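Observations on the three-dimensional arrangement
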Amino acid sequence: MSENWLSLKPMLADGAWGTELQKLGLPPGENPDIWNLQHPERVAAVAKSYADAGSRVILTNTFRANRIAMPNADIQRLNQEGLRISREAAGDRALVFASIGPSGKLLGMGDVDEDELLEAFREQAWALCDADALLIETMSDMAEARIALRAAKEAGAMVIVSFAFDTGRAKDRTMTGATPEMVAAEFQDADAIGANCGMGIESAVEICGRLRAATELPLWIKPNAGLPVMVNGEVRYTQSPQAFASGVPRLLQAGATFVGGCCGTSPEFIRAAAPMFS
């Protein structure tokens, strides 16, 4: 990937992974990353479906593949297989950004310490450093994200840091209280910043605009398919691909560099949005 991301035209990323794997048999609540070893062909099917739909950036199935979340796993193999699967599925059609999610432990509550986090993120980042970029995503704690960024930079990778803004009266703060402006100020040394999950595309337009007003960095924006509703005890996202795609021009106008979908989205959402990136 060119280091001058600001010179790139906006690029279409992929959609959700967990729900697509559940359609292929992943039990609800099970960590999907283990499927890189158990069912690589099903993971490859998801990656390929996004490339076929028009994604020019595809993630890896490695969101929880860290030592803290998966203490008994072969972390290096799990991550490297995730990267291999997405690389092969993408071919020359798409870049591959490797997904690094939060540890699942709260630093501020003492559930994990900084050294443990750094070692866990280092292990994962080095296993994924051959990707086109590392995506530190769905973060809520700036301190944890800062540690993850340090580990990713040590691995020599280009790094995007993306937060989930889903808290507060206006749903414009992370769980630990960070605003878009605070994130932009803190992570100027990242290669790009952004927002994913925790919001529908309408809220994402406002968050994107606030990030753009606070930074010149490229912006990564991946909203959910609207707000979730409970149906027969299950969380569902009811926004249609067409309704989602209708909001994409406003995201681009607000300054997004990369646009994709998070929870509730699918290849149909990407296909609906693709004509706006031609």
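Residues numbered from 1 in each chain as written. Predicted model: local features only at pLDDT ≥ 70, side-chain atom pairs only at ≥ 80, totals over all residues. Heavy atoms only, no water.

Focus on the packing of aromatic side chains
Centre-to-centre distance and the angle between the planes together describe a pair of aromatic rings. One pass over the full model with this rule turns up 6 aromatic pairs. Ring centres of Phe 163 and Phe 165 lie 6.4 Å apart, and the angle between their planes is 40 degrees; on these two criteria the pair is classed as tilted. By relative accessible area, which is 0% here, Phe 165 ends up buried. Aromatic pair Phe 244 and Phe 269: ring centres 5.5 Å apart, planes at 75 degrees, arrangement edge-to-face. Linking Phe 244 in helix α9 (residues 241–253) with Phe 269 in helix α10 (residues 267–273), this pair joins segments that are 25 residues apart in sequence. For Phe 244, a relative accessible area of 2% puts it in the buried group. Phe 269 gets classed as buried once you look at its relative accessible area, which sits at 5%. Through a chain of ring-to-ring contacts, three or more aromatic side chains come together here, namely Phe 97, Trp 220 and Phe 258. (Phe/Tyr/Trp six-rings, centres within 6.5 Å; stacked < 30°, edge-to-face > 60°. Buried < 20%, exposed > 50% of the residue type's maximum accessible area, 1.4 Å probe, protein only. Helix = DSSP H or I, 4+ residues; strand = E, 2+ residues; numbered from the N terminus.)

Considerations on the side chain of Asn 61
Along the chain, Asn 61 turns up in the loop between β2 (57–59) and α4 (75–90). Separated by 2.9 Å, the side chain of Asn 61 and the backbone oxygen of Pro 32 make a polar contact. (Polar contact = N/O pair within 3.5 Å; in protein donor to acceptor, adjacent residues only side chain to side chain.)

Regarding the sheet that holds strand β6 (residues 192–196)
Strand order in this open sheet of 8 strands is β1-β10-β7-β6-β5-β4-β3-β2, and the pairing throughout is parallel. Two strands in the sheet have a free side with no partner beyond their single neighbour: β1 (11–12) and β2. Examined bridge by bridge, β2 and strand β3 (residues 95–100) share 3 bridges and lie parallel to one another. Residue pairing for β3: Leu 59 is matched across the bridge by Phe 97. (Pairing = 2+ DSSP bridges.)

A short note on the nonpolar core
In summary, soluble globular proteins display a tendency toward joint burial of nonpolar side chains. Ile 136, Val 161, Phe 163, Phe 187 and Trp 220 are the most contacted members of the largest nonpolar core, which has 88 residues in total. Residues in contact with Phe 163, not counting those within four places in the same chain, are Met 139, Ser 140, Asp 141, Met 142, Ala 145, Thr 174, Val 183, Phe 187, Gly 194, Ala 195 and Asn 196. Among the nonpolar cores identified, the runner-up in size contains 5 residues, and Ala 65, Met 70, Ala 73 and Ile 75 belong to it. (Core = buried A, V, L, I, M, F, W, Y, C linked by side-chain atoms within 4.5 Å. Contact = heavy atoms within 4.5 Å.)

Some points on the pattern of salt bridges
The final tally for this structure, using the stated rule, is 18 salt bridges. A salt bridge links Glu 81 to Arg 84; the shortest N-O distance between them is 3.0 Å. Here Arg 84 and Glu 81 lie together in helix α4, a separation of 3 residues that amounts to about one turn. The exposure class of Arg 84 is partly exposed, given its relative accessible area of 32%. Ionic pairing is found between Asp 172 and Arg 210, a salt bridge with its closest N-O pair at 2.7 Å. Remark: Arg 210 occurs in helix α8 (residues 201–214) and Asp 172 occurs in the loop between β5 (159–163) and α7 (180–186); sequence separation between them is 38 residues. Where salt bridges share partners, they join Glu 119, Arg 122, Arg 150 and Glu 154 into one cluster. (Salt bridge = Lys/Arg side-chain N within 4 Å of Asp/Glu carboxyl O.)

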